[in-house]
Each structure stands twice: as structure tokens, then as C-alpha cells.
Amino acid sequence: MPAVKAAKPNEIFAREEWAALTRVSRWHGLWLTVHAWLMVALVTGGTALLWQWHWLAGLLATPFAILLIGGRQLGLSILMHEGAHGLLHPKRKTNNFLGQWLTGSATGSDLHSYRAYHLTHHRYTQQSEDPDLGLSAAFPTSRASLRRKITRDLTGQTFLKQRSNQFAVAWKGLKAMLSGASDASPPAKRDTSAGTPLNRNGAAGVAAPVIDLEGAKHTTRTVGRFLLIQLAVLLVSLATLGIIPFLIWIVALATTFQLILRIRNIAEHACTTTGGDDPFSHARTTKANMLMRMTLAPYWVNYHSEHHLFMGVPCYNLPKAHDLLIAKGYGPRMTIANSYAEVLRTVTQPVAA
């Protein structure tokens with residue numbers, strides 16, 4: 001199918017407005033990366049101190065800490081996504097280092113593989129070639145089905161299924177590295193799936209195939225970076241406040257992060273009127289209060305319609321882009337939900353005939 005139609009910024013914004021919206025700061029992306037890890041340290045460390053003060057205080061605080069850390073792990077993934085678009089830093093090497101090592105590796109993603117398939121998602125949003133189509137095609141669904149998905153996420157079943165797939169591919173790649181094995185001929189097309197099983201929360205992501213040995217080796221390196229980050233978190237935890245901060249981090253990664261990632265994915269495209277003709281219909285923007293911004297919508301990820309319209313706008317400028325679009329009268333053409341609760345109600349009811 002042909003690529004979806006793109007918005008034309010010069011027909012919407014004044015030149016000065018567009019220049020301001022697309023300016024990539026040398027410091028803002030760095031600060032957001034530091035902010036994400038600082039929040040991880042404060043929440044996990046604060047909870048560990050509560051455990052030291054009184055076991056009951058620690059016990060009561062831990063579920064909230066796991067929820068907040070899951071949201072910050074999504075935040076790290078969102079910052080990797082910014083890096084995939086070249087928006088974390090104007091210098092490419094700095095941008096890629098931030099997106100690969102300090103954000104993406106924390107949750108087991110690979111910046112370069114993610115970039116390859118994610119740009120395809122933008123080009124063919126909600127069409128058959130869209131690699132993310134599986135995330136929204138199943139909706140609307142029943143409330144019972146959604147409850148089963150939530151249960152799988154919060155009990156760690158989704159995490160275990162995804163990780164076992166990724167680690168199995170990594171083991172294949174490691175054996176190839178140790179034996180010196182390589183493919184007899186280059187692949188017919190670029191492998192855009194290596195290292196991406198954890199980027200997609202759905203059937204396609206869980207079973208994302210790696211089409212050659214080089215792709216498997218790439219996944220091995222992705223898993224290696226992931227394990228190094230986990231080791232770093234563990235060592236810092238043990239060197240400061242004991243095992244509790246690390247346990248909160250890893251439990252969140254296996255539970256609340258999975259659920260938050262799923263809800264975010266649902267909110268972005270499920271049950272929208274997405275089509276190829278109107279760029280304003282390609283995604284949904286969801287209004288978010290402070291609690292939602294701390295969990296489901298860190299770093300302005302809820303402005304997804306604006307992101308699809310103008311993927312060269314850094315995340316910290318998306319609220320301004322939204323305000324300008326509303327002021328210029330484009331709001332009625334956009335899909336805007338008042339809350340994530342509204343989105344979940346929308347995707348668990350039959351579509352009107």
C-alpha cells in the first residue's frame with residue numbers, strides 16, 4: 001500500500017513557529033535522561049529507607065514504588081524513542097549513546113533496530129505494512145479479554161514470555177559468535193527485527209523472528225547491554241541501601257512496566273479512525289493529569305497525534321505544538337481522549353455499525 005499522507009508544516013505554522021518547535025536542545029534531552037534515573041534512585045532509595053525505618057512503612061510504600069518505577073521504565077523507553085528520531089541531542093554520536101546505552105538498554109531494547117522498524121511504522125501507520133499493526137488490530141475487545149491481558153502483565157507472564165524469546169535468540173547468536181559461524185550469503189533485505197522483541201507488546205513482538213545469524217548476534221549484543229545495565233543497578237543498590245532498590249526495579253520491569261507499556265500502546269492507535277488520507281487521523285492524543293504523567297504518560301508521550309503529524313518535534317515541544325494546533329482550529333480533525341480511562345472504555349465496547 002502507499003505510504004500514509006504526511007502533514008505539511010509550512011501550511012500550518014509560521015516559519016518562526018516551526019523553527020522553534022523543531023529546535024533540538026543540547027541540554028534538554030540530557031536532563032530528561034538524568035531525570036529518569038534520578039527518579040528511579042529517589043523512589044527505590046526512599047522505599048528502602050522506609051523499610052529500614054519500619055517494615056510496615058516499607059510494605060505499604062512498595063506497591064506504589066513498583067508502579068512509579070514501571071512508569072519511569074516506560075520513560076526510559078520513550079527517551080530511547082526520542083533517540084531513534086534523533087531528538088535527544090543535536091550531535092548524532094551523543095544522541096545515539098543516550099538512546100542506546102542510557103535509555104534503551106535499561107529495558108532490553110536496541111536503538112538501531114528500533115529505529116529501522118519504527119520509521120516503517122510512521123510511513124505505513126495502521127496499514128498492512130505497519131509492524132505495529134498487531135498492537136491495535138485486536139481492538140475493540142471484551143473486558144474479559146483485557147482483564148486476562150492485565151493479569152498476564154501483572155503476574156510476570158508477559159515478561160517471561162518476551163524474555164525467554166529474546167534470550168533464546170541471544171543464545172543462538174552467542175553460539176554463532178563462539179563458533180565463528182556466519183551466513184553463507186547476505187540477507188535479501190535489512191533485518192529490522194533483531195533486538196526488538198521487547199519494543200513491541202503484542203504477538204508480533206513476542207515472536208519477532210530474526211531472519212539470519214547476524215540478526216541473532218545483534219540480539220546477543222542487545223541482551224549483553226541489558227544485562228550490564230541490570231548488573232550496574234544491582235551493584236549500586238548493594239553498595240548503598242542493600243538489595244531492596246534492585247528488587248523494586250526488577251519486579252517493576254517484570255510487572256507494572258509491562259502493563260503500562262500495554263496501555264500506552266492501546267491509547268496511541270487502538271480504535272482510531274486511522275487511514276491514509278488524513279494525517280490528523282493517524283494517532284490519538286490522550287489528556288493526562290499529574291498521576292498519569294508519572295506513570296502512563298512520562299515525557300509527553302500522550303501527545304501521540306502531534307508526534308505522528310510532526311515526528312521531527314522533540315517531546316518537550318509537543319505540548320506547544322498541541323496548543324498551536326488547537327488555536328489554529330485543527331482540534332476537530334484530531335482524535336483526542338480526555339483520559340486513559342476513557343480510552344479503555346472505548347476499546348472494550350463494540351464499534352457502532
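Structure: see above.
Reading the values: the criteria
- Residues numbered from 1 in each chain as written.
- Predicted model: local features only at pLDDT ≥ 70, side-chain atom pairs only at ≥ 80, totals over all residues.
- Heavy atoms only, no water.
- Patch = residues over 30% accessible without salt bridge, like charges linked within 9 Å, V, L, I, M, F, W, Y side chains within 5 Å.
- Areas by Shrake-Rupley, 256 points an atom, 1.4 Å probe, with all protein chains shown as cover.
- Salt bridge = Lys/Arg side-chain N within 4 Å of Asp/Glu carboxyl O.
- Helix = DSSP H or I, 4+ residues; strand = E, 2+ residues; numbered from the N terminus.
- 1 Å grid on protein atoms, 1.4 Å probe; cavity = no way out; pocket = protein on both sides within 12 Å on 5 of 7 lines; lining within 4 Å.
- Points joined across faces, edges and corners; volume = space filled by probe spheres on them.
- Nonpolar A, V, L, I, M, F, W, Y, C, P; charged D, E, K, R; others polar.
- Phe/Tyr/Trp six-rings, centres within 6.5 Å; stacked < 30°, edge-to-face > 60°.
- Buried < 20%, exposed > 50% of the residue type's maximum accessible area, 1.4 Å probe, protein only.
- Lys NZ or Arg CZ within 6 Å of the ring centre and 35° of its normal.
- Axes fitted to C-alpha atoms, helices over the stretch in contact; angles between N-to-C directions.
- Parallel < 35°, antiparallel > 145°, perpendicular 65-115°, else oblique.
- Contact = heavy atoms within 4.5 Å.

(A) Just a nonpolar patch on the surface, in detail. Taken together, the side chains of F97, W101, L102, L228, L231 and L235 make up a nonpolar region of the molecular surface, amounting to roughly 540 Å² of accessible area. Listing elements by their share of the nonpolar patch, those giving two or more residues are α4 (92–103) and α9 (213–240). When you line up the elements, F97 lands in helix α4.

(B) Main features of empty space enclosed by the protein. In this structure the tally under the stated criterion is 4 cavities of 30 Å³ or more. In this structure, the second largest cavity occupies an estimated 60 Å³ of space. In terms of lining, the second largest cavity is formed by I78, H81, E82, Y299, W300, V301, H304, H307, C315 and L318. Broken down by secondary-structure element, the contributors of at least two residues to the lining of the second largest cavity are α3 (55–84) and α13 (304–309). Per-element tally for the lining of the second largest cavity: the top contributor is α3, with 3 residues. Per-class residue counts for the lining of the second largest cavity are 6 nonpolar, 3 polar and 1 charged.

(C) Quick peek at the packing of aromatic side chains. Considering all chains together, one arrives at 7 aromatic pairs under this definition. Judged by centre distance (5.8 Å) and plane angle (15°), the ring pair of F13 and W18 falls under stacked. Classification of F13 by relative accessible area gives buried; the value is 6%. Measuring from centroid to centroid gives 6.5 Å for Y299 and W300, while their planes differ by 55°, and the two rings are tilted. Judged by its relative accessible area of 7%, Y299 falls in the buried class. One aromatic cluster is present, formed by F13, W18 and F310 through successive ring pairs. For the cation-ring pair, R163 lies above F226, with the distance from its terminal atom to the ring centre recorded as 4.2 Å.

(D) Fine view of the packing of helix α2 (residues 28–53) against α4. Running from N to C, α2 and α4 cross one another at 5°; their axes reach a closest spacing of 11 Å. Overall, the two elements α2 and α4 adopt an arrangement that is roughly parallel. Contacts between α2 and α4 involve L30, T33 and W37 from the first element and L98, L102 and T103 from the second. Taken together, the residues that form the contact of α2 with α4 break down as 4 nonpolar, 2 polar and no charged.

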